[in-house]
Every structure is written in C-alpha cells, then in structure tokens.
Amino acid sequence: MLLDVFTTLALFACVVYAKDNEDPKFDVLDYVDPLIGTANGGHSFAGATLPFGMAKAVADTEGENQGGFAYDTTKVTGFSHMHDSGTGGAASLGNFPIFIHPSCPENDPSKCKWQQTDRATVWKKGSPKARPGYFGIKLENGVHAEITATNRSALYRFSFENGSEPLSPIVLVDLMDLPQSRSEGFASVDSSTGRLTGNGTFSPSFGQGTYTLHFCVDFKGGKVRETGSWNRNSVVPNQNTIVTSSSARTDSAGTYAHFDTIEANDSILARVGVSFMSVDQACRNAEKEQPDFDFAGTVSAAEDAWREKLNVISIDADQVSTDLQKVFWSGVYRTMISPQDYTGENPLWESDEPYYDSYYCIWDSYRGVHQLLTLMDPASQSLMIRSLIDIYRHEGYLPDCRMSLCKGWTQGGSNADVLIAEAYLKKIENIDWDTAYEAVVKDAEVEPPNWDVEGRGGLRSWKNLGYIPKGDMDTVGRGLRTRSVSRTLEYAYNDFCIAEMAQLMGHDADYEKYTRRASNWKNVFKKDQKSYIKGVDTNFTGFVQPRLPNGTWDYQDPIFCSPLMNFDSCYLNANGHETYEGSCWLYTFYAPQDMGSLITTLGGPKHFTARLNYLHESGILYVGDEQAFLTVFQYHYVGRPSLSTKRAHFYIPSQFNTSVSGIPGNDDGGAMGSFAALSMIGLFPVHGQDVYLISAPFFKEISIRNKVTGKVATIRALNFDAGYKAIYIQSVKRDGKPWSRNWIGHDFFAEGGALEVELGEKESEWGTRIADLPPSMSEYQW
C-alpha cells in the first residue's frame with residue numbers, strides 16, 4: 001500500500017525557528033499555500049518547483065491556464081514540466097505534457113482518446129494538494145497524480161483508485177505547449193525501456209522569436225508491453241518516431257509506452273528531464289538529479305531547499321491569525337519562484353556568467369519582487385543582476401522582459417535601469433559596475449532598431465522636446481507608438497536612477513544631464529485639466545495628459561483605463577492609448593524621484609492627501625496592477641505615515657487573502673506576493689532608491705537575517721494589537737535611540753539592529769515634519 005504523501009512528508013519535516021516560543025512543531029511550510037491565486041485570473045503556479053528552479057511541474061487544465069493549473073476549471077489535459085507563474089497574456093510553456101490512461105476499452109489503444117481536447121479528464125473537486133515541492137490531484141478516471149521536482153527534472157507518481165480491477169496503463173507524451181505555438185517537433189520511444197525522448201520549437205508567450213526545448217522521460221514500475229506513436233486520435237503501434245510541422249501546431253501528437261497489467265495498488269513513476277541544449281542533456285539532468293526515482297526523498301530535498309530560503313525570516317506571530325500568516329509566507333514563497341536559473345542551459349552564447357530567465361516582466365517585478373529578494377537572498381539578486389548585464393553584453397541591450405531565451409515585449413521604460421541603480425545603492429556584491437553603467441547609459445542614449453523588445457523608443461523627441469509625443473514620428477527605430485504619457489513618466493524615472501549611479505560613480509556631467517531629464521514628468525502635466533465621473537466634477541484639477549509633437553495638448557479622459565472606464569483598453573496593441581494598464585489619474589502620482597515638486601504641483605499636502613484618498617476610495621484605482629503599490633504608501637511624503645498603514649490594512653486582507661482567488665489580478669511573477677509580504681513587514685521599499693518607508697508591521701516582531709553579512713535586522717512592535725486597532729506609529733527607536741524620520745535606508749538590513757515601533761490607536765506627530773520626509777529632488781515647500 002502507498003503511504004499517504006503527507007505522512008511521508010512528515011517523516012522529513014525539520015524544525016524552523018519560531019521566534020516567540022521555539023515550538024519544535026512549527027514548520028514554515030505549513031503556512032505556505034501554493035493554491036492561493038490559482039483562480040479568478042491569478043495565474044499563480046501551484047505545482048512543484050525549487051526556488052528559482054527551471055523545472056516547474058503541475059497538472060495542466062483547460063481554460064485560463066497561464067500557470068498550468070487553475071482551480072476554477074473542471075478538466076486536466078496533461079501534466080507538464082515547465083511553467084511560469086502569475087503571468088498575464090497568453091499561457092506560457094507547458095511543453096511536452098504527459099498523460100496517463102489507466103486502461104483502454106478492450107485493452108486496445110485505438111479505443112482511447114489521444115487528442116488533447118478529447119482526452120481531457122474531470123478532476124475531483126477538493127482533491128488538489130499543494131505544498132512547496134509537491135502537488136497532487138485526483139482524476140475522475142481513477143488516476144491519482146503526485147508531482148515533485150528538482151532543478152532540471154520532474155518526478156510523477158501515478159497510482160490508481162479503481163478497486164481491484166486489473167489495469168494496463170498507457171503513458172503518452174504530447175508535442176504540445178499551452179499556447180499551442182509549436183512550429184516543429186520530433187518524438188521517439190525506445191521499445192525495450194519505454195524511454196520517451198524528443199524536442200520541439202515553440203514561440204514565447206509574450207515576446208518575439210522561437211526557442212527549442214528537449215525532453216527525456218523514463219519509467220519505474222510496470223513492464224513495457226508495447227510502444228508506438230500517435231497523431232490526434234490515430235495510433236500506430238510499433239512506429240516509434242513521429243515528426244510534426246507548423247501546419248499542425250494545434251494537433252496533439254507524440255509517442256507512448258503501453259504497460260502490462262498492474263495491480264490497482266501499484267504505481268508508475270515517470271521521471272522527466274528537460275533541457276534547452278539537447279536530448280542527451282535532458283536525460284543527463286534527470287539521471288544526475290534523480291538517479292533512484294526516490295519520490296519521498298525528492299520531496300524532502302525540495303522542502304529543505306525552500307526552508308533554507310525562507311528561514312532567513314522569523315516572526316513572532318503570537319495572536320496573529322493563521323490566515324494572515326499564510327498570506328505573508330505564501331507571498332514570500334511566490335516571490336522566489338522566478339526569475340528562473342537557466343545557468344548551463346543557454347544555447348545562445350557561451351559565458352561563465354549566470355543566466356537567469358523568466359524576467360516576466362521587469363515592468364512588473366521592479367516595484368517589489370527584487371526588493372524582497374534583496375532582503376532575503378542578496379546572493380541570488382546578485383546573480384540575477386549579473387545575468388541582466390551579461391544579456392546586455394551579448395544582445396546589445398538590457399531586457400525589460402525576457403522568457404524562454406527570447407526577447408519579451410517592453411511595456412514602458414527601460415526598467416532594468418531601476419534594478420541596477422538600486423542594486424548599486426544597496427551595495428549588492430560581485431557586480432561589474434562599469435559595464436552595468438555602460439548598459440543603462442546606452443538605454444538612455446541609443447535607440448534600438450526595435451524598441452518593442454529593448455531599450456527606449458522616441459529618444460530624439462525625448463532629448464529635444466522633453467517628452468514622448470502622441471503619434472511621435474520616430475524614424476530611427478520601430479515600435480508601438482502608444483503609451484506616450486506613461487513612457488514619459490517612466491523615462492524620467494529611469495533617468496533619475498541613472499543620475500543616482502552617475503553621482504556616486506563620479507560621472508558629474510552625466511549626473512547633471514540625467515537629473516535635468518528626471519524633471520521631464522512636468523512636461524506632460526496639464527495644470528488646468530479637470531476630471532469628471534458620469535458628468536460630475538471630481539473637484540480635482542491638473543492631470544498628466546498626452547501632448548502632440550508641436551507642443552499642443554491632446555486629450556485622454558483622466559479616468560480612462562480605470563475600472564470606471566474602458567479598463568481593458570490600454571495594452572500593447574496599435575490602439576493601446578497613451579497610458580499603460582492604468583489611468584491618467586493613477587499616473588499623475590508617478591514621480592517618486594520628485595515628490596516635493598509633485599505635491600506642490602497638486603496643491604500642497606492637504607490637496608495631495610485628499611486626491612490620494614479619492615484615488616483609493618472612488619473606484620478609480622485597481623490594486624491588481626503594480627503601479628498601484630507605491631500609492632498605498634505615498635502618504636509618507638506629506639507627513640501622514642499613519643494613513644499609509646491604514647491603506648495597507650484595508651487591502652490586506654480584503655484583496656490579499658488565503659482563498660484560491662486571494663490576490664487581485666494576476667500575480668505577475670510574484671509581484672502581488674511581494675507587495676503583501678513587504679507591506680506586512682512594515683518597511684516598504686521605494687524602487688530604485690535606498691529608501692524604506694516605515695509603517696506598522698502586521699506582527700509583534702519580525703527579523704530578517706542578511707545571508708551575506710549574517711546580521712539580523714529586527715522590527716519590533718510595542719503595544720502590538722492583533723485586532724489592528726492600534727496601527728498608528730507613536731514613536732520609533734533605532735537601536736535604542738529616537739528615530740523621527742518616517743523612512744530608513746538599506747544599511748539597517750546590511751548592518752542589523754533593532755527598530756522599535758511604538759503603536760497606538762490615534763495618529764501622532766511622529767514622522768510628520770518636513771525634516772522627517774523621504775528624499776526628493778526638489779525641496780518640500782509648505
């Protein structure tokens with residue numbers, strides 16, 4: 001009899017330090033639920049993977065299956081080994097799914113269903129079980145599928161629940177991917193061992209070009225009876241190879257292994273290696289990482305890898321609900337699924353540098369994901385930055401998005417510049433900073449031939465006009481001539497981040513130039529623009545607006561591309577309008593480099609606060625897009641940090657909770673998870689700057705150990721109230737000394753120490769003076 005998998009897992013559980021009571025029964029993995037965000041468009045990856053692992057295995061379902069498995073579906077079409085997590089747009093990867101028929105009528109393979117849409121099988125509601133390193137699901141045909149993974153391989157255990165009826169299973173591999181993008185494919189099967197091998201060429205889900213992936217499937221358990229190939233629902237026994245073409249990309253096709261009769265309580269193990277290099281390397285990856293088909297041991301090793309990553313954080317969760325603890329730890333977990341470590345799996349160039357992929361996309365991840373990784377795993381963040389720089393060396397530009405070895409679509413500015421500048425400010429180690437600086441300057445100065453996939457478009461206008469005009473007649477490169485407003489704002493911030501590097505690296509002329517350009521956000525601010533909702537004046541005047549090349553103003557309704565008006569109208573298409581995935585209302589707040597001037601421009605602190613309140617309370621804002629993150633905490637800039645905490649407590653748990661639809665929108669590679677975790681820590685980072693905005697933590701105490709320095713930074717809430725009525729900071733002490741600024745630098749995490757935050761039920765004077773406010777290019781004037 002098979003052991004219940006969670007009984008098996010318990011044998012391998014190790015103790016994780018519980019800060020308050022050192023409870024030996026505490027296991028951080030008990031507070032990670034990979035099923036959060038697998039419904040309602042969350043697209044979270046629920047399957048088995050290691051931190052930043054390449055192999056990501058899960059059941060694939062019909063419907064909105066960008067992450068492979070979606071809880072609000074009914075049928076499973078296969079089990080595949082490569083996925084991305086939380087992506088929008090088209091489904092990603094899902095290559096070479098395997099599927100198992102427990103038996104065929106009259107033991108005749110031709111009487112089974114093979115085409116993907118035909119073989120799809122209902123899964124039993126309530127059966128999915130997910131835990132870091134493990135996924136399990138039961139199908140109505142009696143198959144119980146359990147999955148675990150290593151870095152480059154997946155291991156599947158198929159058992160059967162059909163009572164005592166003898167079974168003769170068939171395991172097939174399908175030359176398919178989730179977006180059905182195959183342009184060519186090849187599969188073969190070894191008639192003596194049942195080994196399934198092959199490859200295919202596919203398209204990325206959010207970019208240009210193609211990639212080739214290879215697979216190798218071996219079995220343990222059962223004796224091979226027959227092998228063959230198939231195409232759609234046509235089966236050819238003993239024909240052990242098949243080749244497909246692009247004209248049949250929606251047709252399922254592949255090879256199979258048919259097993260002799262097995263008993264109902266027996267199981268079949270399928271080990272799948274994957275590689276971007278070759279079939280041989282795919283086989284070697286599996287053989288090296290899982291030589292013994294040891295399911296329980298592989299689960300245990302995966303759990304240990306996750307504990308090692310997560311145990312740099314310890315919390316005193318006394319009186320805090322289990323649900324809130326799960327929101328926190330699950331958010332941290334999802335942040336460490338991507339980017340994915342493909343080092344040694346890059347056929348495009350030879351390099352001794354690391355290669356990470358699935359930067360999906362930096363436009364999403366530069367506002368939270370990499371900030372949390374910098375705190376928890378600075379060594380991995382260093383490898384990722386090095387990888388970005390190496391991509392620049394070999395491709396000519398830093399990516400703004402990248403997946404499956406391909407260039408992804410650029411959504412706004414050149415936001416790898418933000419990541420690199422922030423890494424420099426926070427002293428991330430082992431980086432070639434001279435080449436890094438060369439790369440960010442090229443983004444700012446040299447327009448690429450195709451700025452849909454790298455760099456910036458419209459640089460001639462940017463340099464001469466100080467903004468990107470609507471309908472820009474750019475003749476240097478090619479790309480979508482949309483998003484003129486949001487690109488202007490992002491370019492200004494990108495240049496500010498370059499200026500930060502230039503100043504510290506001694507490039508004085510560059511510092512002056514890019515600082516000037518960082519003020520270009522003002523060039524799309526139309527001071528007399530009003531905003532109406534259903535014909536009623538919002539009583540706020542002045543919004544960012546599109547401008548034409550001759551300097552005259554064009555018009556986009558300030559609430560356009562918000563939940564109140566044409567929400568789905570601002571994407572990457574020729575008619576994508578002048579802001580990206582957000583309204584002019586939202587983008588008017590995007591000048592984090594120059595908040596002093598922005599607040600003055602919007603009428604001063606009281607008017608700014610009222611406008612920010614309106615943004616959050618009117619239905620204009622959608623917190624499921626990453627541009628919303630900083631607006632939750634921008635009250636700090638007007639000396640109202642308590643209101644930032646109040647907003648965070650509204651969104652958590654109303655929008656971030658433990659349900660399968662417990663994140664707003666899709667997770668965007670862990671972006672939503674990082675927002676929840678950082679908000680709950682109580683130190684929210686301003687991307688691209690050495691600034692953390694101090695807010696009330698959601699726990700009595702939380703400590704983060706720097707894995708490079710070994711130092712421990714502790715945030716301690718005095719007068720902590722688990723009912724969250726006392727969420728207003730009364731005073732702060734750093735290492736026993738009063739701390740009046742409402743922000744702190746990264747040195748706190750690098751050097752360690754204690755930040756004691758005294759809480760109360762009423763807003764106080766702490767952090768309200770101009771001297772207490774975060775840095776700004778322009779002085780605060782009020």
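Residues numbered from 1 in each chain as written. Predicted model: local features only at pLDDT ≥ 70, side-chain atom pairs only at ≥ 80, totals over all residues. Heavy atoms only, no water.

Further remarks concern the overall build of the protein. Helix and strand counts for the protein come out as 20 helices and 32 strands. Relative to the globule expectation of 28 Å for 782 residues, the C-alpha radius of gyration of the protein, 27 Å, shows essentially globular dimensions. Overall, the C-alpha framework of the protein stretches about 85 × 65 × 55 Å when taken along its three principal axes. For the protein, the residues scored as buried account for 65% of the 782 residues in total. Considering only contacts within the protein whose residues lie at least 6 apart along the sequence, 70% involve residues at least 24 apart. Carbon and sulfur atoms make up 47% of the accessible area of the protein, which amounts to about 26200 Å² in all. Averaging the locations of the 70 positively and 96 negatively charged side chains of the protein gives two centres separated by 4 Å. (Helix = DSSP H or I, 4+ residues; strand = E, 2+ residues; numbered from the N terminus. Rg over C-alpha atoms; globule rule 2.2 N^0.38 Å. Buried < 20%, exposed > 50% of the residue type's maximum accessible area, 1.4 Å probe, protein only. Contact = heavy atoms within 4.5 Å. Areas by Shrake-Rupley, 256 points an atom, 1.4 Å probe, with all protein chains shown as cover. Lys, Arg positive; Asp, Glu negative; His and termini not counted. Charge placed at Lys NZ, Arg CZ, Asp CG, Glu CD.)

Let us look at the pattern of salt bridges. Counted by the stated rule, this structure contains 39 salt bridges. Notably, a salt bridge pairs Glu287 with Arg195, separated by 2.8 Å at the nearest N-O pair. Here Arg195 lies in the loop between strand S10 (184–189) and strand S11 (196–202) and Glu287 lies in helix H3 (residues 279–289), a separation of 92 residues in the sequence. The closest approach of N and O atoms between Asp318 and Lys700, which form a salt bridge, is 3.1 Å. In this pair, Asp318 is assigned in the loop between strand S18 (313–316) and helix H5 (322–335) and Lys700 in the loop between strand S26 (692–694) and strand S27 (701–705), connecting sequence segments 382 residues apart. Taking relative accessible area as the criterion, Lys700 reaches 23% and is therefore assigned partly exposed. Taken together, the salt bridges that share partners define one network made up of Asp417, Glu445, Arg456, Lys463, Asp495, Lys513 and Arg517. (Salt bridge = Lys/Arg side-chain N within 4 Å of Asp/Glu carboxyl O.)

A few words now on the layout of surface pockets. For the largest pocket, the calculated volume is near 470 Å³. Taken together, 22 residues line the largest pocket, and the ones lying closest to its centre are Gly88, Gly89, Tyr571, Glu581 and Asn666. Here the lining of the largest pocket is built from residues that sort into eight nonpolar, nine polar and five charged. (1 Å grid on protein atoms, 1.4 Å probe; cavity = no way out; pocket = protein on both sides within 12 Å on 5 of 7 lines; lining within 4 Å. Points joined across faces, edges and corners; volume = space filled by probe spheres on them. Nonpolar A, V, L, I, M, F, W, Y, C, P; charged D, E, K, R; others polar.)

This next bit is on the packing of aromatic side chains. According to the stated counting rule, one finds 45 aromatic pairs in the structure shown. Taking the centre distance of 5.5 Å and the plane angle of 70° together, the rings of Phe96 and Phe202 count as edge-to-face. Of this pair, Phe96 sits in the loop between strand S2 (75–80) and strand S3 (98–101) while Phe202 is found in strand S11, placing the two residues 106 residues apart along the sequence. Here Phe96 falls in the buried class, since its relative accessible area comes to 0%. For Phe202, a relative accessible area of 0% gives the class buried. Here the aromatic rings of Trp462 and Tyr491 are separated by 5.5 Å at their centres, their planes lie at 90°, and the arrangement is edge-to-face. Of this pair, Trp462 sits in helix H11 (residues 459–464) while Tyr491 sits in helix H12 (residues 484–505), and the two are 29 residues apart along the sequence. Put simply, the rings of Phe96, Phe202, Tyr211, Phe215, Phe276, Tyr342, Trp349 and Tyr355 touch in pairs and so form one group of aromatic residues. Of note, Arg611 hangs over the ring of Trp585, and the distance from its end group to the ring centre comes to 5.7 Å. Above the plane of the ring of Trp743 lies Arg741, whose end atom (NZ or CZ) is 4.2 Å from the centre. (Phe/Tyr/Trp six-rings, centres within 6.5 Å; stacked < 30°, edge-to-face > 60°. Lys NZ or Arg CZ within 6 Å of the ring centre and 35° of its normal.)

The subject of this paragraph is the side chain of Arg647. Here Arg647 is to be found in helix H18 (residues 641–654). Arg647 gets classed as buried once you look at its relative accessible area, which sits at 12%. Sequence-distant contacts of Arg647, that is, excluding residues within four places in its chain, are made with Asn613, His616, Glu617, Val632 and Tyr635.

What follows deals with the confidence of the model for the protein. Put simply, the protein has an average pLDDT of 95, and 97% of its residues get 70 or more. Ignoring residues within four places in sequence, the model shows residues 1–18, a span with pLDDT below 50, making 39 contacts including any to other chains. (pLDDT = per-residue confidence, 0-100.)

Each assigned domain of the protein is listed here: domain 1 (28–307), domain 2 (340–455), domain 3 (457–622) and domain 4 (632–781). Inter-centroid distance (C-alpha atoms) of domain 1 to domain 2 is 31 Å. Between domain 1 and domain 2, the residue contacts involve 25 residues of the former and 27 residues of the latter. Carbon and sulfur atoms supply 59% of the area buried between domain 1 and domain 2, which totals about 2000 Å² over both sides. When the area that domain 1 buries against domain 2 is broken down by residue, the three leading residues are Phe52, Phe206 and Gln208, summing to 39%. (Domains from an automatic or database assignment. Buried area = accessible area lost by both parts, 1.4 Å probe.)

The next point concerns helix H13 (residues 508–517). Turning to H13, its buried residues are Asp510, Tyr514 and Arg517. When H13 is viewed along its axis, its buried side chains cluster within an angular range of 50° and face the same direction. In H13, those exposed residues whose orientation departs by more than 90 degrees from the buried face are Asp508, Ala509 and Arg516. In the core, the buried residues of H13 are packed alongside helix H10 (433–445), H11 and H12. (Arc of directions from axis to C-beta.)

Before going further, it helps to spend a moment on the sheet that holds S18. Strands sit in the order S18-S27-S28-S32-S29-S30 across an open sheet of six strands; the sheet is mixed. Both edges of this open sheet fall to S18 and strand S30 (737–738), since each of them pairs with a single strand only. Where strand S29 (residues 728–734) lies against strand S32 (residues 753–760), six bridges are found, and the strand directions are antiparallel. By the bridge assignment for S32, Lys733 is matched with Glu756. (Pairing = 2+ DSSP bridges.)

The full count for this structure, using the stated rule, is four disulfides. Cys104 shares a disulfide with Cys112; S-S distance 2.0 Å. An S-S torsion of about -115° defines the bridge between Cys104 and Cys112 as left-handed. The same class applies to Cys104 as to Cys112, namely buried. Numbered by order of appearance in the sequence, the disulfide-linked cysteines of the protein pair as 1-2, 3-4, 5-6, 7-8. With no disulfide of its own, Cys406 has Cys401 as its nearest cysteine by sulfur position, at a separation of 11 Å. Lacking any disulfide linkage, Cys584 is separated from the closest cysteine sulfur, that of Cys570, by 8.3 Å. (Disulfide = S-S within 2.5 Å.)

The next thing to look at is the environment of Ala444. Among the structural elements, Ala444 can be located in helix H10. Residue class for Ala444 comes out buried when judged on its relative accessible area of 0%. Residues Ala444 and Asn494, 50 residues apart in the sequence, show an inter-C-alpha distance of 8.1 Å. Once you skip the residues sitting within four places of it in the chain, Ala444 turns out to touch Arg456, Leu459, Lys463, Asp495, Ile498, Tyr514 and Arg517.

As for its position among the elements, Arg547 is in the loop between strand S24 (536–544) and helix H14 (584–587). Along the sequence, Arg547 and Phe328 sit 219 residues apart, while their C-alpha atoms lie 42 Å from each other. Setting aside residues no more than four positions away along its own chain, Arg547 makes contact with Tyr467, Pro469, Lys470, Asn523, Val524, Thr552, Trp553 and Asp554. Side-chain polar atoms of Arg547 contact the backbone oxygen of Asn523, separated by 2.9 Å. In this structure the side chain of Arg547 is engaged in a polar contact, spanning 2.8 Å, whose partner is the backbone oxygen of Gly551. (Polar contact = N/O pair within 3.5 Å; in protein donor to acceptor, adjacent residues only side chain to side chain.)

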